[in-house]
Amino acid sequence: MDHRERFLGAVAGLIGAGVALGAGELAAAVIRPQAAPLAVVGDAAIDLSPGWLKDFAIATFGSSDKPVLVAGIAVVLGLCAAVAGAFAVHRPRVGLSAVGGLGALGLAAALTRPDVRPLDGLPSVVAAVAAGWALHLLLWRRPAAKPVHQNHQNHQTRSARTARTAGARRPTGTRRQTGAAARGANGRADGNGRAAGARQPAAGALDRRRFLRTGGALAGAAAVVGVTGREAQGARFDVEDSRAALRVPTPADTVPALPAGKQLNTPGASRFYTPNSSFYRVDTAIVLPQLRPETWSLRIHGMVDRPLTLNYDKLVARSLVERDVTLTCVSDDVGGPYVGNARWIGAHLAELLDEAGIQSGANQLVSRSADGLTVGTPTSVVTDGRDAMLAVAMNGDPLPVKHGFPVRMVVPGLFGYVSACKWIVDIEVTTFDAFDAYWVERGWARKGPIVTQSRIDTPKVDASLTAGPVAIAGVAWAQHRGIEKVEVQVDSGPWHTCVLGGVPSTDTWRQWAYHWNATPGPHQLRVRATDETGQTQPQQRTSPFPSGATGWHTVAVTVT
């Protein structure tokens, strides 16, 4: 019987976890979505995870790494809640203490976030209280009966008192009535009309019927409350309406036109511009920051003579530039997907820094995102004449929320972790000795210049091809140095020079193609690029950590 009750306790724990999450989401609708229990624990898990685990998650799950993380946390929470419920069956204090511990974990995660606000811990507290309340309701027990000997004595006393009274007033025929009453009491019916022998929940045991009724009601309520909380969060905090109302500003300095007929539209290869919907996303945000342009502002301070604060209207009123820039993530492996090219519109960052007046010795800009992430950028790179900007538009549209709406930083020639701060709200002019930004603190290189790379987009790995003409094509990049030459090798044969697509500047990737007369059999296809400084990418394969992957991208195919 004990194992059955423990099973019910585990189920009660799971239901309690659902109630907690629903209540936490509803409370977060009042505070902000980033304060929801799963969100704060997920953010803390990302911060505390070792670098190799982050790399594994990105490489394995890609842009789905965060949903997978949240799902994993929910599973762990469910298991912990089930264990707590099983203990609570016979040790209520232990079970409730475990629930309180989970709530304290969420509270600690919320209060240690870099962008913490005073009420961010409230949803975790509400969730813990709701879970404890649900557990109490589900594990209610029937009150214990009085001791048997006491009940027997009380019954005898009442019977004797009744007999004396009946003897004094007994009318004719009483003996026959008493016999019938006795028969009812001894076997056919009790005094309340219930059939004798009907099974009732034992005193002190869990009432299963009540458990099922209460559990079903709580599970349904948890689902409704959770969905309502999510909907309310969207209604209160979603900024898509503000984004849709924006007009993309007209740049004063437009991008040079691509050379006529120089785009290579090889089937299966990357187009010159990456659509916003398929542009890669790598960041640490479990919940995307929701910033409205009408309330956004940027502060530039630190080692400057004239600290600045400007709002969105002042930013877009400046003389804006339009540029094509390719962005690359340092965590991308050779031939990986975390690179994309877009047309950006924004304000020159160097001009803003000139207005602020950078002081002597300042060699780092520490940018802060609305979610507290820090990005450290070399000051010399931003001020050397390249088109480093605070971007407000991407491929002709206001920035998508997942790509930094309303304003993000774009710096050609640097990996994103040291240049591409999304949802930017603060820039501190400082030194590398004074501060290590988020990823540098975790062991990645401080300055992050992009390495020369190339990728085969078509044919795909393990493709089965037909003998004859086959197009081998892809992209190569060496932002702010430019690509001079791309070569393809088939098996161990000679290197063949590829046809290159035209580019507007050295800050974008370059399309390439080679037409191969494929012969039957298995083949290895390799690609390497040479940048405009004359440096050819090395053959030796290295991992992305700590300063970017190197090596020749190789694709195995079979020709029939």
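Residues numbered from 1 in each chain as written. Predicted model: local features only at pLDDT ≥ 70, side-chain atom pairs only at ≥ 80, totals over all residues. Heavy atoms only, no water.

Time to look at the packing of helix α1 (residues 2-30) against helix α6 (residues 122-138). Contact pair α1 / α6: the axes reach a minimum separation of 7 Å and the direction vectors enclose 145°. α6 is crossed by α1, and the crossing has right-handed handedness. Residues A12, G13, I15, G16, V19, A20, A23, G24, A27 and A28 of α1 form the contact with α6, whose participating residues are P123, V126, A127, A130, A131, A134, L135 and L138. In the contact of α1 with α6, the residues fall into 15 nonpolar, three polar and no charged. (Axes fitted to C-alpha atoms, helices over the stretch in contact; angles between N-to-C directions. Helix = DSSP H or I, 4+ residues; strand = E, 2+ residues; numbered from the N terminus. Left-handed = near helix turned anticlockwise from the far one by under 90°. Contact = heavy atoms within 4.5 Å. Nonpolar A, V, L, I, M, F, W, Y, C, P; charged D, E, K, R; others polar.)

Our focus in this paragraph is the packing of aromatic side chains. Under the counting rule described, the total for this entry stands at nine aromatic pairs. Centre to centre, the rings of Y438 and W439 are 5.0 Å apart; their planes meet at 80°, and the pair counts as edge-to-face. Here a set of aromatic residues connected by ring pairs shows up, and it is made of F279, Y280, Y338 and W344. Looking at R368, its charged tip hangs above the ring of F435, at a distance of 5.5 Å from the centre. Between R528 and the ring centre of W495, over which it is positioned, the NZ or CZ distance is 4.1 Å. (Phe/Tyr/Trp six-rings, centres within 6.5 Å; stacked < 30°, edge-to-face > 60°. Lys NZ or Arg CZ within 6 Å of the ring centre and 35° of its normal.)

This paragraph deals with a nonpolar patch on the surface. Judged by side-chain polarity, W52, L53, F56, F61 and V68 come together as a nonpolar surface patch covering roughly 490 Å² of accessible area. With four residues, the single largest contributor to the nonpolar patch is helix α3 (residues 51-61). (Patch = residues over 30% accessible without salt bridge, like charges linked within 9 Å, V, L, I, M, F, W, Y side chains within 5 Å. Areas by Shrake-Rupley, 256 points an atom, 1.4 Å probe, with all protein chains shown as cover. Salt bridge = Lys/Arg side-chain N within 4 Å of Asp/Glu carboxyl O.)

Our focus in this paragraph is empty space enclosed by the protein. For the structure shown, the criterion picks out three cavities of 30 Å³ or more. Counted as a void, the largest cavity has a volume near 400 Å³. Along the wall of the largest cavity there are 30 residues; nearest its centre are V282, D283, G416, Y417 and W439. Breaking the lining of the largest cavity down by element, the ones donating at least two residues are α3 and β3 (320-328). (1 Å grid on protein atoms, 1.4 Å probe; cavity = no way out; pocket = protein on both sides within 12 Å on 5 of 7 lines; lining within 4 Å. Points joined across faces, edges and corners; volume = space filled by probe spheres on them.)

This paragraph deals with the packing of α1 against helix α9 (residues 208-237). At their nearest, the axes of α1 and α9 sit 7 Å apart, and the two run at 20° to each other. When the axis of α1 is compared with that of α9, the two are roughly parallel. The hand of the α1/α9 crossing is left-handed. Within the contact of α1 with α9, the residues separate by chemical class into 17 nonpolar, seven polar and five charged. (Parallel < 35°, antiparallel > 145°, perpendicular 65-115°, else oblique.)

Turning to the pairing of strand β19 (residues 553-559), a few remarks are in order. By the alternation rule, side chains of β19 split into H553, V555, V557 and V559, which are all buried, and T554, A556 and T558, of which none is buried. Of the strand pairs in this sheet, strand β12 (residues 463-465) and β19 are connected by three bridges, and their pairing is parallel. Bridge pairing in β19 links A463 to V557. The pairing of strand β18 (residues 521-531) with β19 spans seven bridges and is classified as antiparallel. Note that in β19 the partner of P522 across the bridge is T558. (Buried < 20%, exposed > 50% of the residue type's maximum accessible area, 1.4 Å probe, protein only. Pairing = 2+ DSSP bridges.)

For the rest of this paragraph, the subject is the sheet that holds strand β13 (residues 468-477). One open sheet accounts for four strands, arranged β11-β13-β17-β16; its pairing is antiparallel. Two strands lie at the open edges of the sheet, namely β11 (453-458) and β16 (499-500), each paired on one side alone. As defined by bridge partners, β16 adjoins strand β17 (residues 510-518) across two bridges and the pair is classed as antiparallel. The residue of β17 that forms the bridge with V499 is A513.

Let us look at the environment of R386. By the element assignment, R386 lies in the loop between α13 (379-382) and β7 (389-394). C-alpha of R386 to C-alpha of H348: the two residues are 38 residues apart in sequence and 9.3 Å apart in space. If near-sequence neighbours (up to four positions away) are discounted, R386 is found in contact with H348, V381, V411, P412, G413 and H480. Reaching out from R386, the side chain makes a polar contact with the backbone oxygen of V381 at a distance of 3.3 Å. A distance of 2.8 Å separates polar atoms of two side chains, one belonging to R386 and the other to D384. (Polar contact = N/O pair within 3.5 Å; in protein donor to acceptor, adjacent residues only side chain to side chain.)

Bringing the side chain of D531 into the picture now. Along the chain, D531 turns up in strand β18. Separated by 2.5 Å, the side chains of D531 and T533 make a polar contact. Once residues within four sequence positions are removed from consideration, D531 is found in contact with T452, A478, R481, G482, I483 and E484.

The subject of this paragraph is the confidence of the model for the protein. Of the residues in the protein, 88% have a pLDDT of 70 or more, and the chain-wide mean is 89. Of the regions scoring below 50 in pLDDT, residues 162-200 engages in nine contacts with residues more than four places distant in sequence or in other chains. (pLDDT = per-residue confidence, 0-100.)

Before going further, it helps to spend a moment on the environment of Q511. Here Q511 is to be found in strand β17. For Q511, a relative accessible area of 3% gives the class buried. Contacts of Q511, omitting those with residues within four sequence positions, involve Q263, L264, S270, R271, F272, G474, V475, V499, L500 and G501. A polar atom in the side chain of Q511 sits 3.0 Å from the backbone nitrogen of L264. Looking at Q511, its side chain comes within polar contact range of the main-chain oxygen of S270, at 3.0 Å.

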